[in-house]
Amino acid sequence: MPTAEKALYYSLKDYLKERYGRRVQKITVALPFTCPNIDGTKARGGCTYCFSGTRPAHLDAYIPLRDQIEDGIRRAKERYGKNILFFVYYQSYSNTYGEYEYLKSVYDTALEFEEVVGIDVGTRPDCAPEWVLELLESYTRMGLEVWVEYGLQSANFKTLRLINRAHGVSDFVDAVLRTKRRNLKVCAHIILGLPHEDEEDMLETGKLLASLPIDGVKIHPLHVIKNTKMAEQYLRGEFEVLSLEEYAKRAVDVLEILPPHVVVHRLTGEVEPERLIAPDYCTYAKKQEVINAIVEELIRRKTHQGAKIPFNR
């Protein structure tokens, strides 16, 4: 990463290089999990923006996990060389929403690979009972770094209800505080540009994160995917998506109020072009264009991550 960009925000790439002294690559895997707002435990249909648990199209949840990890290691070494370490990223759906023995078996699989130094578990804040957190913490005692990624998306409860999250802001706060009592790292997911939210709503979401002891953040622009409830709403003209310029401004608004130690895992979201309705910049091919727009906005404002922390520290 260029020195100028490195000074503007604290990227995951920089964090991992500082901690491990070499490249660390995430291996994204998919498993046949579900969510409590899909299976009827709390709601039906899942989040209105979600298609297949946000699983990348090239992943198959029914390929054995060990094979997925082996393939990810092989491909990364072919591209980046052999001097590389790995995190296993359990991404799709809620990866703590299962029985103890099953969860243990999928996390244990990461221990079979000496190049794997950590696991990254994506889930919901209402799927983190104490026994799950104890299980995850047990892997830190085996030498792994463990991140728990909680989807908040918005600090506005009306928005959460509108997008069928089926949990509240309080669930997120509770999960973060309980997780941080343990030797675990927390990454929060938020989406900017959700239907009917204005600048103040998005800024308030950022302020909530700034007030909590999170370790990392993923900031995504809302993107509308085919065959989702949100696609129907968008095509009926019920809301608009952010332009790239608008998204860059809102992302910088959030970066400015996040403490400098918070690791920025992502600044955009991508999907295959054939699955995307809008906006057109949320594709893999345009990922760097989005990041560049955010960097340019940071430079234009002469600002950086943590420049406007809203709370006393």
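The text that follows walks through the structure, step by step, so that each part is easy to find.

What counts, and at which threshold
Residues numbered from 1 in each chain as written. Predicted model: local features only at pLDDT ≥ 70, side-chain atom pairs only at ≥ 80, totals over all residues. Heavy atoms only, no water. Buried < 20%, exposed > 50% of the residue type's maximum accessible area, 1.4 Å probe, protein only. Helix = DSSP H or I, 4+ residues; strand = E, 2+ residues; numbered from the N terminus. Pairing = 2+ DSSP bridges. Right-handed = clockwise from strand over helix to strand, strands pointing away. Core = buried A, V, L, I, M, F, W, Y, C linked by side-chain atoms within 4.5 Å. Contact = heavy atoms within 4.5 Å.

In this section: the pairing of strand S4 (residues 145–153). With nine of its nine residues buried, S4 lies for the most part within the structure. Burial of the side chains of S4 extends over both faces: Glu-145, Trp-147, Glu-149, Gly-151 and Gln-153 are buried on one face and Val-146, Val-148, Tyr-150 and Leu-152 on the other. Relative to S4, strand S3 (residues 116–123) is paired through six bridges, and the arrangement is parallel. Its bridge partner lying in S4, Ile-119 is registered against Val-146. Assessed by its sense of winding, the connection that carries the chain from S3 through helix H5 (residues 130–140) to S4 is right-handed. Of the pairings in the sheet, the one linking S4 to strand S5 (residues 185–192) comprises six bridges and is parallel in character. Its bridge partner being in S5, Tyr-150 is matched across the sheet by Ala-188.

Turning to the nonpolar core, a few remarks are in order. Formed by 73 residues in total, the largest nonpolar core has its most connected members in Tyr-90, Tyr-107, Ile-119 and Ile-294. The element contributing the most residues to this core is helix H10 (residues 244–257), with seven residues. Residues within four places of Tyr-107 in sequence aside, it is in contact with Tyr-90, Asn-95, Thr-96, Ile-119, Val-121, Leu-135, Leu-136 and Tyr-139. Formed by 12 residues, the second largest nonpolar core is a distinct cluster that contains Cys-47, Phe-239, Val-241 and Ala-278.

Along the chain, Ala-278 connects to Pro-279 via a cis peptide bond; the corresponding omega equals -10°. On the secondary structure map, Pro-279 appears in the loop between strand S9 (276–278) and helix H11 (287–301). Of note in the backbone geometry, Asn-164 takes a positive phi value of approximately 65° without being a glycine. Structurally, Asn-164 is set in the loop between helix H6 (157–162) and helix H7 (169–179). Notably, Asn-227 is not glycine yet its phi reads approximately 65°, a positive angle. Turning to its location among the elements, Asn-227 is positioned in the loop between strand S7 (224–225) and helix H9 (229–235). Residue class for Asn-227 comes out exposed when judged on its relative accessible area of 68%.

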